[in-house]
Amino acid sequence: METRTVVAECIGTAMLVLFGVGSLVLAGDYINALGISLAFGFTLIAIAYAFGRVSGCHINPAVTLGVLLAKRIDIRTAVEYWIAQFVGAIVGAAVLFLLAKQVPRLQTAGAFGSNGYGGRSPVGLGAGGAFLAEVLLTFLLVFVFLAVTGSVMQAGVEPVPVGLAYAAANLIGIPLTWASVNPARSFGPAIFAGGDALGQLWLFIVAPLVGGVLAAVVHRFTHLRPAAGQAEPEGAPHPPPAAGPWGRLRGGHRPEAGGPETKGPEAA
């Protein structure tokens, strides 16, 4: 087991629950759905810059499932990530619960940032609609993650589109189900909310995982590259010649200047 990657997934998930769900529990009446969505998106971007080069900053079992199906990690690593994510969600929710208890007249029983459908949905969305919504919203997040990362790790500007996709999913999902798109994010708060939050938890574990599978399947068709030694389709664009600094080809001449390329000793 790579200890630092597991610790990064655990801490990252705890931070997402603490600050993302915390924006809903502690400040929801002041910042509304837009502010909560931005809080989730900005938190994910910040965490991804902190841990993206360590573990890839999945902090979401659905993302880990998509990465596993894309064959970027093995099953043992995926299981380690899942355990770390659920443990981190419990830790983050526990810290948030302790903080919420310090706020006078703040009710935590039955709600506490948990997800729900039917009578627990802001618009009264039924179980079927909630399942479909969670599948589609998670598909967006996982597909964007797979498309922009190209590997296990996140680096450079890659956290930005992933965070924007997460914010968009929350903008749509908060009025419907309070936006899960992350089984761990739903699991931690539901434990402390209790009641119907636990009874409806199954949907917010199963539906995001289905969305992750769907994203991995679609990504395979849209971004799959030819295997090594396999000819590219006829008419496919060829990559530009390898160039060094200031546009010089590796042989030494400028491509716009014409003339033969200076050959190295290996070409003699």
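Preceding block: the structure.
This write-up is about the structure you can find in this document. Owing to the predicted nature of the structure, the values given are computational and were not obtained by experimental measurement. (Residues numbered from 1 in each chain as written. Predicted model: local features only at pLDDT ≥ 70, side-chain atom pairs only at ≥ 80, totals over all residues. Heavy atoms only, no water.)

**Focus: the side chain of T13**
Okay, step 1: Within the element layout of this structure, T13 appears in helix 1 (residues 3-55).
Okay, step 2: Those residues in contact with T13 that lie beyond four places of it in its chain are I59, Q85, G88, A89 and A184. (Helix = DSSP H or I, 4+ residues; strand = E, 2+ residues; numbered from the N terminus. Contact = heavy atoms within 4.5 Å.)

**Comments concerning the pattern of salt bridges**
Okay, step 1: The full count for this structure, using the stated rule, is two salt bridges.
Okay, step 2: Residue E2 pairs with R4 through a salt bridge whose shortest N-O separation is 3.4 Å.
Okay, step 3: By relative accessible area, E2 is classed as partly exposed at 43%.
Okay, step 4: Here E80 makes a salt bridge to R76, at a shortest N to O gap of 3.4 Å. With E80 and R76 both in helix 3 (residues 75-100) and four residues apart, this pair spans about one turn of that helix.
Okay, step 5: Classification of R76 as exposed rests on a relative accessible area of 57%. (Salt bridge = Lys/Arg side-chain N within 4 Å of Asp/Glu carboxyl O. Buried < 20%, exposed > 50% of the residue type's maximum accessible area, 1.4 Å probe, protein only.)

**Overview of the nonpolar core**
Okay, step 1: Judged by nonpolar contacts, the single largest core of 49 residues is most densely connected at F112 and Y166.
Okay, step 2: Contributions of two or more residues to this core are made by helix 1, helix 2 (61-69), helix 3, helix 4 (127-149), helix 5 (159-177), helix 6 (183-193) and helix 8 (201-223).
Okay, step 3: Of all the elements, helix 1 adds the most residues to this core, at 13 residues.
Okay, step 4: For Y166, the residues in contact, after removing those within four places along its chain, are L16, F40, G41, L44, L141, S180, V181 and N182.
Okay, step 5: By size, the runner-up hydrophobic cluster in this structure holds six residues, among which are Y117, A130, L203 and A207. (Core = buried A, V, L, I, M, F, W, Y, C linked by side-chain atoms within 4.5 Å.)

**Quick look at the packing of aromatic side chains**
Okay, step 1: Following the criterion strictly, the structure yields seven aromatic pairs and no others.
Okay, step 2: When the ring of F40 is compared with that of Y166, the centres are 5.7 Å apart and the planes differ by 85°; the resulting orientation is edge-to-face. Note that F40 is positioned in helix 1 and Y166 in helix 5, a separation of 126 residues in sequence. Each member of the pair, F40 as well as Y166, is classed as buried.
Okay, step 3: Ring centres of F97 and F112 lie 5.6 Å apart, and the angle between their planes is 85°; on these two criteria the pair is classed as edge-to-face. Of this pair, F97 sits in helix 3 while F112 sits in the loop between helix 3 and helix 4, placing them 15 residues apart in sequence. Here the two residues F97 and F112 agree in accessibility, since each one is buried.
Okay, step 4: Three or more aromatic residues joined by ring pairs make a cluster, and in this case those are F97, F112 and F192. (Phe/Tyr/Trp six-rings, centres within 6.5 Å; stacked < 30°, edge-to-face > 60°.)

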